[in-house]
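Architecture at a glance
Given next are the chains, with one letter for each unit.
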Amino acid sequence: MQAESQRQRDCHARRMSSDVARPGQRAVTRRLAAKMAHTSNGLSKAVAILTSDGTAPGDLETLAKVVAKTPTDAADFPEATRATIAVEGAEAKNRVFVDPSTVLTAMLACANNSSSDIAGVCFEHVKSLLGRAHSGGKNHFLSFFSFLIEEVARDPAGKCFKALSTAKYIAIAKPKSSVPGDIRPIGITSVFRRIYGKYVMIESGKLLGGVLSSRKCNPQFAVGVSSGANILGLATSIQREVAPTHVSAAIDVKNAFNELQRPLLFEALSKFRENFRCPKELRRYDAFLAYARSHYAHGPQELSSFMSDGERKDVMCSRGVIQGCPHGTALFSIALDFIVLAVFEEHGHLFPSVSSNWFADDGVASGPVLRSSSSHASEASTLTKQASSSPSKD
């Protein structure tokens with residue numbers, strides 16, 4: 001407790017003094033070079049892959065598809081969940097403290113030439129303002145920015161909700177989909193929110209990933225794990241080598257990020273907190289929880305879709321988490337972990353020898369074939385049906 005209090009005082013002193021040590025130029029160059037080594041034409045590999053098939057035209061037909069994939073109906077928060085959110089929000093005031101030096105690290109980890117936000121701001125604009133020292137070798141803007149992040153995270157009433165939740169939609173074409181003209185809507189959030197998300201994941205990413213990736217029956221490799229998609233493929237290959245008579249079934253939950261019910265999300269987040277005991281782990285997880293509350297606990301979000309002529313159309317979003325948000329994948333993965341655990345507990349007797357591996361909403365279930373006189377069924381396909389029918393745990 002004493003050590004934690006000292007850390008809080010140190011954080012506060014560093015912010016108030018504005019004397020945040022700036023990394024040496026060589027260190028900055030190394031970080032940027034390492035980041036750019038994983039980019040193509042200044043864009044991250046993930047963004048380059050997503051946009052390689054182009055974006056859908058900015059017309060009314062695309063807008064209708066975006067609206068159709070953005071559910072406006074939402075389940076009510078149970079009173080118990082509301083009470084838990086309120087208690088955790090009140091306690092966040094004494095647990096969430098933002099370190100400016102970590103904010104700087106998060107900012108430098110953001111690639112240049114990324115998509116501009118709804119106000120036209122890019123990371124390079126923010127880096128030029130916050131990523132270097134100013135008068136007297138002090139970085140006053142960075143200190144003030146860190147203070148704003150802390151105030152937002154410690155606000156249980158959601159006063160900053162609208163400013164944080166606003167995002168613009170990009171409709172990415174899916175030419176390989178079985179549905180003609182299918183799209184994948186991706187939310188481009190504000191630069192402020194993306195830096196905030198990067199900061200939270202630097203603090204808590206490995207902590208969350210350590211729990212999710214170590215599950216015995218259904219490990220999740222999308223959070224805090226390097227090359228998680230490759231590990232999913234490797235785990236499936238190993239499973240086939242170890243048990244060549246088993247079968248594997250792919251699981252892909254349709255429109256998964258948008259369909260997630262938010263009351264279920266917060267129920268899953270509260271349950272997931274039970275994995276941590278020591279004060280340092282709890283502090284990091286509480287910062288992660290504070291971020292989730294400030295974005296998803298205060299009603300529907302107003303997202304914007306733009307026509308080809310620049311006209312702005314509002315799309316209200318009452319479910320799910322934004323897939324383009326830096327820690328949206330972590331929130332979704334925790335909720336999916338909660339759902340899959342429930343499926344195993346409730347229906348596990350139907351597939352006692354099945355295991356599953358996940359990368360976000362893409363899963364592979366593996367298990368033995370059950371033979372009967374009348375049909376051939378598999379435990380893995382049984383799990384597939386149960387998991388695919390429970391995206392919202394309605």
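Above this text sits the structure in question.
Keep in mind the model is a prediction, meaning the values are calculated, not measured.

As a packed pair, helix H10 (residues 191-212) and helix H14 (residues 279-296) sit with axes 9 Å apart at the nearest point and diverge in direction by 145°. In the packing of H10 onto H14, the handedness of the crossing is left-handed. On the side of H10, the interface is formed by Arg-193, Tyr-196, Gly-197, Val-200, Met-201, Glu-203, Ser-204, Leu-207 and Leu-208, while H14 contributes Glu-281, Arg-283, Arg-284, Tyr-285, Ala-287, Phe-288, Ala-290, Tyr-291, Ser-294, His-295 and Tyr-296. The residue makeup of the contact of H10 with H14, split by class, is 11 nonpolar, 4 polar and 5 charged.

Here we take up a nonpolar patch on the surface. Residues Phe-144, Phe-147 and Leu-148 make up a contiguous nonpolar surface patch of roughly 260 Å² in combined accessible area. Inspection of the secondary structure puts Phe-147 in helix H8 (residues 140-153).

On to the packing of helix H6 (residues 100-108) against helix H7 (residues 123-130). Running from N to C, H6 and H7 cross one another at 145°; their axes reach a closest spacing of 10 Å. Read as a crossing pair, H6 and H7 show a hand that is left-handed. Counting all contacts with H6, which are made through Leu-104, Met-107 and Leu-108, the residues of H7 involved are Val-126, Lys-127 and Leu-130. Taken together, the residues that form the contact of H6 with H7 break down as 5 nonpolar, no polar and 1 charged.

A word on the nonpolar core. If you look at the biggest cluster of nonpolar residues, it comprises 82 residues, and the most contacted ones within it are Ile-195, Leu-208, Phe-266, Leu-269, Tyr-285, Phe-288 and Ile-334. Filtering out sequence-adjacent residues up to four positions away, Leu-269 remains in contact with Tyr-285, Phe-288, Leu-289, Ala-292, Leu-331 and Ile-334.

On to helix H5 (residues 79-92), then. Along an α-helix, residues three or four apart share an orientation, since each turn contains 3.6 residues. In this model H5 runs 20 Å from its N-terminal to its C-terminal C-alpha over 14 residues, within 8% of the 20 Å that 1.5 Å per residue would give. Taken together, the buried positions of H5 are Thr-81, Ile-85, Glu-88, Gly-89 and Ala-92. Down the axis of H5, the buried side of the element spans an arc of 105°, and every buried residue falls inside it. Across H5 from its buried face, at more than 90 degrees, point the exposed residues Glu-79 and Ala-80. On its buried face, H5 sits against H8, helix H13 (262-272) and H14.

Each value, and the rule that gives it
Residues numbered from 1 in each chain as written. Predicted model: local features only at pLDDT ≥ 70, side-chain atom pairs only at ≥ 80, totals over all residues. Heavy atoms only, no water. Axes fitted to C-alpha atoms, helices over the stretch in contact; angles between N-to-C directions. Helix = DSSP H or I, 4+ residues; strand = E, 2+ residues; numbered from the N terminus. Left-handed = near helix turned anticlockwise from the far one by under 90°. Contact = heavy atoms within 4.5 Å. Nonpolar A, V, L, I, M, F, W, Y, C, P; charged D, E, K, R; others polar. Patch = residues over 30% accessible without salt bridge, like charges linked within 9 Å, V, L, I, M, F, W, Y side chains within 5 Å. Areas by Shrake-Rupley, 256 points an atom, 1.4 Å probe, with all protein chains shown as cover. Salt bridge = Lys/Arg side-chain N within 4 Å of Asp/Glu carboxyl O. Core = buried A, V, L, I, M, F, W, Y, C linked by side-chain atoms within 4.5 Å. Buried < 20%, exposed > 50% of the residue type's maximum accessible area, 1.4 Å probe, protein only. Expected span 1.5 Å × (residues − 1). Arc of directions from axis to C-beta.

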